[in-house]
Amino acid sequence: MTFSHWRRPLTWLLAWALVAGAGTGWLAHARLLALEDAFTVDARIVHRLLSQRAVQHDAVMAMLPLLQQPVEGHSSNAAMPLPRLPAAYPQIVEILRRLPGSTWPADWPQGLRTAADAAEARSLQSGHAELAQAELPAGKVWLVLAGRNTAHALQLDLQTTVPWDEWPMDAGTSPVRVHLQYQGQAFEVQAGRRLTYGWHYDFHKLLASHSQPFDVVLERDVSWSELPWAAMLAWAAASAAALAVLRALLRQRVAARRAEELLRLGQVSRLNQLGELAAGMAHELNQPLTALLASTQAAQRLLGKDGSDEEPDLDTARHAMDQAVAQARRASAVVGRLRRVVERPDLSGQVQTLALAAAVHDALHLLEPELRRRGITVQLDAPADLPAVRAEPVALQQIIHNLVMNALQAMDQPESGQRRLWLTLSLMRPPSTRVLLSVRDTGPGVTPEARAHLFTPFYTTRPDGLGLGLSLSESLAQAMGGDLSLAPPGDGPGAEFHLQLPLAQQP
Ligand code: ADP
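Remember, predicted model here, so these are calculated numbers, not experimental data.

Draft legend 1. Region of interest: the sheet that holds strand β4 (residues 140-146). Spatial ordering of the open sheet is given by β1-β2-β5-β4-β3, a layout of five strands whose pairing is antiparallel. Pairing within the sheet leaves two strands with one partner each, and these edge strands are β1 (80-82) and β3 (130-135). For this sheet, the mean inter-axis angle between neighbouring strands, taken without regard to orientation, is 25°. With seven bridges connecting them, β4 and strand β5 (residues 151-157) associate as antiparallel partners. Bridging across to β5, K140 finds its partner in D157. Sheet strands touched by helix α2 (residues 110-126): β2 (92-98), β3, β4 and β5. Its angle to β3, the strand with the most contacts, is close to 150°.

Put into structure tokens, the structure is as follows:
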């Protein structure tokens, strides 16, 4: 596992893709629904308008037998034309009446005459107009209505049938295709636009007239360019901006937390270093104080046994010496107590079960800005199945922090070349009762003479060092039942420190 910086930007990018994708998808979906709704409304209107016309044609036919008087001047035995009704029904091209005994016009094609006879026979049965012939591509339709002794034929022009003044679309620009279909033929009412990609809506419904059983068919192809691109782009941009703000806020919070944590760690470290300092002082002070006590007691004894001429002011001297002894004892007791308190922190009460890898991650996270500033590459190797350890979280964090900070400071030296830090976690060799954390750097390493003193309080080679970090870390590690040591010099450059901690569950 490599400690990497690129995973977070990728997560943000993924989050943005999700939010932007969901929003733009919803916008596109809403637009498509609206377009489909508008199409359905238009289709219903078109069907109603054309059905109304068809019903009107039926009504006109039903009215024709009432115009009984024959047309003057017509004497052939063929069907005779009746006057047209151009003003009210311009779509009616021709009206014919066939009287008993006469035939349909001889100039009609044979097919039409046969169809008209068949339609007349059907009409006699049904009692209303029947379709004789439909030439849909040409827009021509013949209807026939049979009466008791006369029959009427009527020719329609479909193009004129369409009520363009009430039409719900602009026929010239609308993308909707409108057709009338009958037995494989089609009459194009409106050309519309045909696409091979995008979305497709259609509508089919029979005209509401028995004599004109044509299917009204509407089709609409929606192209990609009809999606609400401006709104979709605006949404994508707005969500990117919102996520950027959120990211900045979160970063600020992480930075603030990190600063707080570093401060706390610094305070704990200072307190502990103070404790270490006190331990050193106690050690230094205890000996002279003990000597002082011994010599003062001797003087007190001598004064008491000395028999010179001049009587010494024995009372006063004894009193003073009593005082000195009492003070010295008190000082010794204070120092002794202080020493007992600070000599070794007792962490046995606070240890808990925790994952060492997580603690290392936390420490690295805290020092991330430092690592980046110094251009140090960190490699963290931790087996996924590493068992948990027993440790006190704050003490552990402090040890790791000290070790990493020491490594960083060592690599600050100008002679250290490539700056790398390895943190390796492993189970120690059988009997495997401890986990080992190794911290290795590419600094100058430790000289043979420094090796012996590294863990001695106040030993430092840094001008502003206190020399307490390693000795304190060692005390803390030992207090948790673990150990801290400098690894023997290896092949590579730099220094390597080993922190051992006991397993939470001993095998
Ligand atoms: P300080 O950091 O205040 O000097 P420490 O106890 O942490 O005190 O370290 C003691 C000394 O050990 C340092 O001054 C340094 O000489 C040496 N030392 C510690 N860590 C390293 C390291 N990673 N590489 C080389 N020397 C180190």
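Draft legend 2. Layout of the nonpolar core. Of all hydrophobic cores here, the largest spans 46 residues; its most connected members are L396, L421, L423 and L437. Ranked by the residues each element gives to this core, the list is headed by helix α7 (residues 393-411), at 10 residues. Once residues lying within four places of it in the same chain are set aside, the contact partners of L437 are L356, V360, I400, L423, T424, L425, F497, H498 and L499. Core analysis: the second largest hydrophobic core is formed by 43 residues, A129, V162, L207 and V222 among them.

Draft legend 3. Summary view of helix α9 (residues 469-479). Within α9, nine of the 11 residues are buried, leaving the element largely enclosed by the surrounding structure. When α9 is considered as a whole, its buried residues turn out to be G469, L470, S471, L472, S473, E474, S475, L476 and A477. Following α9 by one or two positions, G481 has its phi on the positive side, about 85°.

Draft legend 4. Here's a closer look at unusual backbone geometry. Located in the positive-phi region is Q183, a residue other than glycine, with phi close to 45°. Here Q183 shows up in the loop between β6 (176-182) and β7 (185-190). Overall, Q183 belongs to the exposed group, its relative accessible area being 67%. Residue F458 is not a glycine yet carries a positive backbone phi of 70°. Locating F458 in the fold gives a position in the loop between α8 (448-451) and α9.

Draft legend 5. Structural detail: the layout of surface pockets. Roughly 1100 Å³ of internal volume is contained in the largest pocket. Contributing to the lining of the largest pocket are 38 residues, with N406, Q409, T460, R462 and L470 lying nearest its centre. Considering each element in turn, the lining of the largest pocket owes the most residues, nine residues, to α7. Of the residues that constitute the lining of the largest pocket, the class distribution is 17 nonpolar, 16 polar and five charged. Its boundaries defined by the atoms lining it, the second largest pocket holds a volume of some 370 Å³.

Draft legend 6. Here's a closer look at the packing of helix α6 (residues 356-374) against α7. One way to put it is that α6 packs onto α7 with a least axis distance of 10 Å and a crossing angle of 30°. Read as a crossing pair, α6 and α7 show a hand that is right-handed. Between α6 and α7, the contacting residues are L356, A359, V360, D362, A363, L366, L367, E370, L371 and R374 on the first element and L396, Q397, I400, H401, V404, M405, L408 and Q409 on the second. For the contact of α6 with α7, the class distribution of residues is 12 nonpolar, three polar and three charged.

Draft legend 7. Highlighting the environment of A244. Structurally, A244 is set in helix α4 (residues 229-305). As a C-alpha pair, A244 and W16 span 228 residues in sequence and 9.4 Å in three-dimensional space.

Draft legend 8. Structural view of the packing of aromatic side chains. In this structure the tally under the stated criterion is six aromatic pairs. Centre to centre, the rings of F39 and Y201 are 6.1 Å apart; their planes meet at 40°, and the pair counts as tilted. Highlighted residues: F39 in helix α1 (residues 7-63) and Y201 in strand β8 (residues 199-206), separated in sequence by 162 residues. Comparing F39 with Y201 shows no difference in burial state: the two are buried. With 5.6 Å between their ring centres and 5° between their planes, W104 and W108 make a pair best called stacked. For the pair formed by W104 and W108, the shared burial category is buried. One aromatic cluster is present, built from ring pairs that chain together W104, W108 and W142. Stacked on the ring of W104, the Lys or Arg R98 has its end atom at 5.3 Å from the ring centre.

Draft legend 9. Examining the site of the ligand more closely. Taken together, 19 residues surround the ligand, and among them D441, T460, T461, R462 and L470 come closest. D441 is positioned such that a nitrogen or oxygen atom in its side chain is 2.9 Å from a nitrogen atom of the ligand. Residue T460 places a side-chain N or O atom 2.6 Å away from an oxygen atom belonging to the ligand. Notes on the ligand: free accessible area 530 Å², of which the protein chains cover 91%.

Draft legend 10. Fine view of the sheet that holds strand β11 (residues 377-381). As summarised here, the arrangement of the five strands in space is β11-β13-β14-β16-β15, forming an open sheet in which the pairing is mixed. The outermost strands of the open sheet, each flanked by one partner alone, are β11 and β15 (483-486). Averaged over all pairs of adjacent strands, the angle between their axes in this sheet comes to 15°, without regard to strand direction. Relative to strand β13 (residues 420-427), β11 runs parallel, the two being bridged by five bridges. Residue pairing in the sheet places Q379 in a bridge with W422 of β13. Contacting β15 and β16 (496-502), α9 crosses the sheet at an angle of about 140° to β15.

Draft legend 11. Quick peek at empty space enclosed by the protein. All told, the structure shown has one cavity of 30 Å³ or more when counted by the stated rule. If you add up the space inside the largest cavity, you get close to 70 Å³. If you trace the largest cavity, you find it lined by L50, A54, H57, L158, T161, V162, L180, L207, Q212 and F214. Of the residues in the lining of the largest cavity, the class split is seven nonpolar, three polar and no charged.

Parameters and conventions
- Residues numbered from 1 in each chain as written.
- Predicted model: local features only at pLDDT ≥ 70, side-chain atom pairs only at ≥ 80, totals over all residues.
- Heavy atoms only, no water.
- Pairing = 2+ DSSP bridges.
- Helix = DSSP H or I, 4+ residues; strand = E, 2+ residues; numbered from the N terminus.
- Axes fitted to C-alpha atoms, helices over the stretch in contact; angles between N-to-C directions.
- Contact = heavy atoms within 4.5 Å.
- Core = buried A, V, L, I, M, F, W, Y, C linked by side-chain atoms within 4.5 Å.
- Buried < 20%, exposed > 50% of the residue type's maximum accessible area, 1.4 Å probe, protein only.
- 1 Å grid on protein atoms, 1.4 Å probe; cavity = no way out; pocket = protein on both sides within 12 Å on 5 of 7 lines; lining within 4 Å.
- Points joined across faces, edges and corners; volume = space filled by probe spheres on them.
- Nonpolar A, V, L, I, M, F, W, Y, C, P; charged D, E, K, R; others polar.
- Left-handed = near helix turned anticlockwise from the far one by under 90°.
- Phe/Tyr/Trp six-rings, centres within 6.5 Å; stacked < 30°, edge-to-face > 60°.
- Lys NZ or Arg CZ within 6 Å of the ring centre and 35° of its normal.
- Near = heavy atom within 4 Å.
- Polar contact = N/O pair within 3.5 Å; in protein donor to acceptor, adjacent residues only side chain to side chain.
- Areas by Shrake-Rupley, 256 points an atom, 1.4 Å probe, with all protein chains shown as cover.

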